[in-house]
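Structural description and commentary
These are the residues of each chain, in order.
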Amino acid sequence: MRIARYSVGDEVGFGLIDTDTDTGQRYLARLSGHPLLGEVKLTGERARLEDVRLLSPVLPSKVVCIGKNYADHVAEMRDVTGDSTDEPVVFLKPSTAVAGPGDPVFHPAISQRVDFEGELAIVIGRVCREVPRERAADVIFGYTCANDVTARDLQKSDKQWTRGKGFDSFCPIGPWIETGLSLEQAGDLRVTTTLDGEVRQDGRTSQFIHDIPALIAYVTSFMTLLPGDVLLTGTPAGVGPMSVGSEVTVSIEGIGELTNRVTTRD
């Protein structure tokens, strides 16, 4: 299933994405309840997808991010982040960095270089801690697309990543959560990022240095994850700068496309 969070007027809710096989028209079938917090039911109402606004599919308590998880990206960023390590590199983005599909990414006035980083995102489905590798699938609700937006110059000058990664709007996620992928399928998906229609990143999750079960086991060895928390899995090579006015699309095979435009605050 593809579960989206949406708004129409003053209404905010969840729905299933449905496609009419005859016309290709996509609809959102409204759900009652919260899919991560209890039983949900179809209300029997639906709307055309273009008539609703898609929001970030979850509002996580935290976004846990993995750095240096593709060897080719480690090589291209060695002067900023150093070499790869035996264990995953973990950092956090604040919940206030989360944005949805179509939302603007704000280019901070204090940064001279803001980069895109397309990534597979894991949405956690239950409270979990100290999860063994073999139980990783049990705590995954689904997968979505993410852009780990980074003020690269600030990341380099600060020597740690909180400010460079943590600006408001620096974590677009969406357009929905895909719940139908197995661990094996999620472990070999094509991840691409386009900048103004030109492909800049093109990798596969099979290139991970640390696979999905390893990431979940490692992160939960020291941190409790809550339903709706998001785990970003790392970015392939090809990261680069965005300018005000640029449109960036992260596409992940079997999931969908996440598009955002870079702008300035008024």
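Preceding this section is the structure that the text describes.
These notes cover the structure that comes with them. (Residues numbered from 1 in each chain as written. Predicted model: local features only at pLDDT ≥ 70, side-chain atom pairs only at ≥ 80, totals over all residues. Heavy atoms only, no water.)

1. Comments concerning the layout of surface pockets
Short version of the rule: With a 1 Å grid laid over protein atoms only, a set of points is called a cavity when a 1.4 Å probe fits there but cannot get out and a pocket when it is open yet has protein on both sides within 12 Å along at least five of seven lines; lining residues have an atom within 4 Å of a point. Grid points are joined across faces, edges and corners, and a volume is the space filled by probe spheres set on the points. Helix and strand labels come from DSSP, where a helix needs a run of H or I of at least four residues and a strand needs a run of E of at least two; each type is numbered from the N terminus. Residues are sorted three ways: Asp, Glu, Lys and Arg are charged, Ala, Val, Leu, Ile, Met, Phe, Trp, Tyr, Cys and Pro are nonpolar, and all the rest, Gly among them, are polar.
In this structure, the largest pocket encloses a volume near 170 Å³. Considering the residues around the largest pocket, the lining is formed by Arg26, Leu49, Leu54, Pro101, Gly102, Pro175, Trp176, Glu257 and Thr259. Counting only elements with at least two residues in the lining of the largest pocket, the list comes to strand S14 (171-178) and strand S20 (256-263). Its residues assigned to classes, the lining of the largest pocket shows five nonpolar, two polar and two charged.

2. Looking at the sheet that holds strand S18 (residues 240-242)
As a reminder of what qualifies: For two strands to pair, DSSP has to find at least two bridges joining them.
Here we have three strands laid out as an open sheet, ordered S13-S10-S18, and antiparallel in their pairing. Of all the strands in the sheet, just strand S13 (150-151) and S18 have a single pairing partner and so form its edges. As defined by bridge partners, strand S10 (residues 114-116) adjoins S18 across three bridges and the pair is classed as antiparallel. Along S18, the bridge assignment pairs valine 114 with methionine 242.

3. Quick notes on unusual backbone geometry
Looking along the chain, the bond that leaves glycine 174 and enters proline 175 is cis, with omega of 10 degrees. Relative to the assigned elements, proline 175 resides in strand S14. Positive phi, normally seen in glycine, also occurs at lysine 68, with a value near 55 degrees. Relative to the helices and strands, lysine 68 is located in the loop between strand S6 (63-67) and helix H1 (71-76).

4. Some thoughts on the packing of aromatic side chains
Definition in use: Between rings of Phe, Tyr and Trp, where Trp is taken as its six-membered ring, a pair exists when centres lie within 6.5 Å; planes separated by under 30 degrees are stacked, by over 60 edge-to-face, and by other angles tilted. Exposed residues in this analysis have more than 50% of their type's maximum accessible area, buried residues have under 20%, and partly exposed residues fall in between, with area computed by a 1.4 Å probe over protein chains only. Any Lys NZ or Arg CZ that is within 6 Å of a ring centre and within 35 degrees of that ring's normal is treated as a charge sitting over the ring.
This model, assessed by the stated rule, comprises four aromatic pairs. Plain terms: the ring middles of tyrosine 70 and phenylalanine 208 are 5.3 Å apart, the flat faces sit at 80 degrees to each other, and that makes the pair edge-to-face. Note that tyrosine 70 is positioned in the loop between S6 and H1 and phenylalanine 208 in the loop between strand S16 (198-204) and helix H6 (212-219), a separation of 138 residues in sequence. Across the pair, exposure class does not vary: tyrosine 70 and phenylalanine 208 are buried alike. Consider the rings of phenylalanine 167 and phenylalanine 170, whose centres lie 5.2 Å apart with planes at 50 degrees: the pair is tilted. Overall, the relative accessible area of 0% leaves phenylalanine 170 in the buried class. Between arginine 265 and the ring centre of phenylalanine 106, over which it is positioned, the NZ or CZ distance is 4.0 Å.

5. Some remarks on the pattern of salt bridges
Under the convention used in this document: Salt bridge, as used here: a side-chain nitrogen of Lys or Arg that lies within 4 Å of a carboxyl oxygen of Asp or Glu.
For the structure on display, the rule yields 24 salt bridges. Two residues, arginine 48 and glutamate 50, come together in a salt bridge whose shortest N-O distance is 3.6 Å. Among the residues examined, arginine 48 registers a relative accessible area of 39% and is labelled partly exposed. A residue is classified by how much of its surface remains accessible, and glutamate 50, at 48% relative accessible area, is partly exposed. Here aspartate 158 and arginine 163 are joined by a salt bridge, their closest N and O atoms 2.9 Å apart. With relative accessibility at 24%, the residue aspartate 158 sits in the partly exposed group. The exposure class of arginine 163 is partly exposed, given its relative accessible area of 39%. Look at the salt bridges and you will find they share partners, linking Lys93, Arg113, Asp115, Glu117, Asp148, Arg152 and Lys165 into a network.

6. Focus: the environment of lysine 41
Let me state the cut-off plainly: Here a residue-residue contact requires only that any non-hydrogen atoms of the pair lie within 4.5 Å.
Residue position: lysine 41 is located in strand S4 (residues 41-48). Looking at lysine 41, the relative accessible area reads 52%, which means it is exposed. For the pair lysine 41 and arginine 30, spaced 11 residues apart in sequence, the C-alpha separation works out to 8.5 Å. Apart from residues lying up to four places away in sequence, lysine 41 is in contact with Arg30, Leu31 and Ser32.

7. With respect to the pairing of strand S11 (residues 118-124)
With respect to burial, S11 is a largely interior element, seven of its seven residues being buried. What you see with S11 is no split at all: Gly118, Leu120, Ile122 and Ile124 on one side and Glu119, Ala121 and Val123 on the other are buried throughout. The pairing of S11 with strand S12 (residues 140-147) spans seven bridges and is classified as antiparallel. Bridging from a neighbouring strand, isoleucine 122 pairs with tyrosine 143 of S12. Bridging between S11 and strand S17 (residues 230-232) involves three bridges; their strand directions are antiparallel. Looking at S17, one finds that alanine 121 is bridged to leucine 232.

Function-wise, these values are silent; they only describe arrangement.
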